[in-house]
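# Structural characterization, general
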Amino acid sequence: MASFNANIEEALPALWRFALSLTGNSAEADDLVQDCVERALTRRMLFIPGRPIRPWLMKIMVNIHRNNRRSTRQTVDDEALGGLLDPLAHARMEDRMHLADTFNALRTLPDEQREALLAVVVGGLDYQDAARTLDIPIGTLMSRLHRARTKLKEQQGSGATIVSIAGGSS
């Protein structure tokens with residue numbers, strides 16, 4: 001049990017970044033992480049030992065987020081953008097502005113494409129785990145990623161590089 005709890009604790013920073021990117025609001029991200037961890041702890045018997053815990057937790061989070069989204073329409077606030085820019089606090093202003101543009105462009109993507117992109121870019125999941133997390137075939141994930149990246153590149157200009165929330169590029 002201590003190992004299970006320690007694994008959850010280790011996953012918290014990635015869970016929070018993923019929750020923030022899904023909700024666009026730090027208070028809602030906090031609530032989403034809390035709901036996710038609570039559900040994971042009460043349903044730990046469903047976790048398959050030996051498998052990575054982060055994809056399982058993110059799947060729980062996506063399901064909670066989808067259920068919440070059905071009942072209320074969430075808005076993205078400026079605080080969320082600031083939270084995602086924190087790792088780049090000392091980066092060049094141009095890079096920070098590019099990331100802000102990317103963040104705004106993410107809001108225009110259909111939910112399915114945004115979830116796929118965020119699971120891989122922000123959540124750090126490999127394609128197999130991201131597909132399992134989102135309950136879709138890997139081919140569907142790849143298609144959604146391609147459409148999302150294409151749309152973002154079109155919005156930011158044909159020569160643009162998509163900057164990940166974590167600060168890398170793809």
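Residues numbered from 1 in each chain as written. Predicted model: local features only at pLDDT ≥ 70, side-chain atom pairs only at ≥ 80, totals over all residues. Heavy atoms only, no water.

## Topic: the pattern of salt bridges
- Enumeration according to the criterion identifies four salt bridges in this entry.
- In this structure, R66 engages E115 in a salt bridge whose closest nitrogen and oxygen atoms are separated by 2.7 Å. Of this pair, R66 sits in helix α3 (residues 53-71) while E115 is found in helix α6 (residues 111-121), placing the two residues 49 residues apart along the sequence.
- Of the residues examined, R66 reaches a relative accessible area of 17% and is grouped as buried.
- Two residues, R114 and D111, come together in a salt bridge whose shortest N-O distance is 2.3 Å. Of this pair, R114 and D111 both sit in helix α6, three residues apart, which is roughly one turn of the helix. Across this residue pair, the class does not change: R114 and D111 are buried. (Salt bridge = Lys/Arg side-chain N within 4 Å of Asp/Glu carboxyl O. Helix = DSSP H or I, 4+ residues; strand = E, 2+ residues; numbered from the N terminus. Buried < 20%, exposed > 50% of the residue type's maximum accessible area, 1.4 Å probe, protein only.)

## Quick word on helix α2 (residues 26-42)
- Its 17 residues place the ends of α2 24 Å apart at the C-alpha level, agreeing with the 24 Å of an ideal helix rising 1.5 Å per residue.
- All buried positions along α2 are accounted for by S26, A29, L32, V33, C36, V37 and A40. Buried residues of α2, seen end-on, are gathered within an arc of 130 degrees and therefore sit on one face of the element.
- The N-cap residue of α2 is N25: its side-chain oxygen and the backbone nitrogen of A27 are 2.9 Å apart. (Expected span 1.5 Å × (residues − 1). Arc of directions from axis to C-beta. Polar contact = N/O pair within 3.5 Å; in protein donor to acceptor, adjacent residues only side chain to side chain.)

## Some words on a nonpolar patch on the surface
- The grouping of Y127, I138 and M142 at the surface amounts to a nonpolar patch, some 240 Å² of accessible area in total.
- Position of I138 among the secondary structure elements: in helix α8 (residues 138-156). (Patch = residues over 30% accessible without salt bridge, like charges linked within 9 Å, V, L, I, M, F, W, Y side chains within 5 Å. Areas by Shrake-Rupley, 256 points an atom, 1.4 Å probe, with all protein chains shown as cover.)

## Focus on unusual backbone geometry
- At D135, a position not held by glycine, the phi torsion is positive, near 60 degrees.
- Its place among the elements puts D135 in the loop between α7 (127-134) and α8.

## What about α8?
- Relative to the 27 Å expected for 19 residues at 1.5 Å per residue, α8 spans 27 Å between its end C-alpha atoms, a close match to the ideal helical length.
- Residues L141, R144, L145, A148, L152 and Q156 constitute the buried set of α8. In an axial view of α8, the angular spread of the buried residues amounts to 100 degrees, which keeps them on one side of the axis. Among the exposed residues of α8, those pointing more than 90 degrees away from its buried face are H146 and E154.
- Where α8 terminates, the next one or two residues include G157, which has phi positive at roughly 105 degrees.

## Quick word on the packing of α6 against α8
- Closest axis-to-axis distance for the α6/α8 pair is 8 Å, and the angle between their directions is 95 degrees. When the interaxial angle is binned, α6 and α8 end up roughly perpendicular. From α6, E112, Q113, A116, L117, V120 and V121 reach across to α8, where they touch L141, R144, L145, R147, A148, R149 and L152. (Axes fitted to C-alpha atoms, helices over the stretch in contact; angles between N-to-C directions. Parallel < 35°, antiparallel > 145°, perpendicular 65-115°, else oblique. Contact = heavy atoms within 4.5 Å.)

## Focus: the environment of P49
- Topologically, P49 is positioned in the loop between α2 and α3.
- Note: C-alpha distance between P49 and F4 (45 residues apart in sequence) is 8.9 Å.

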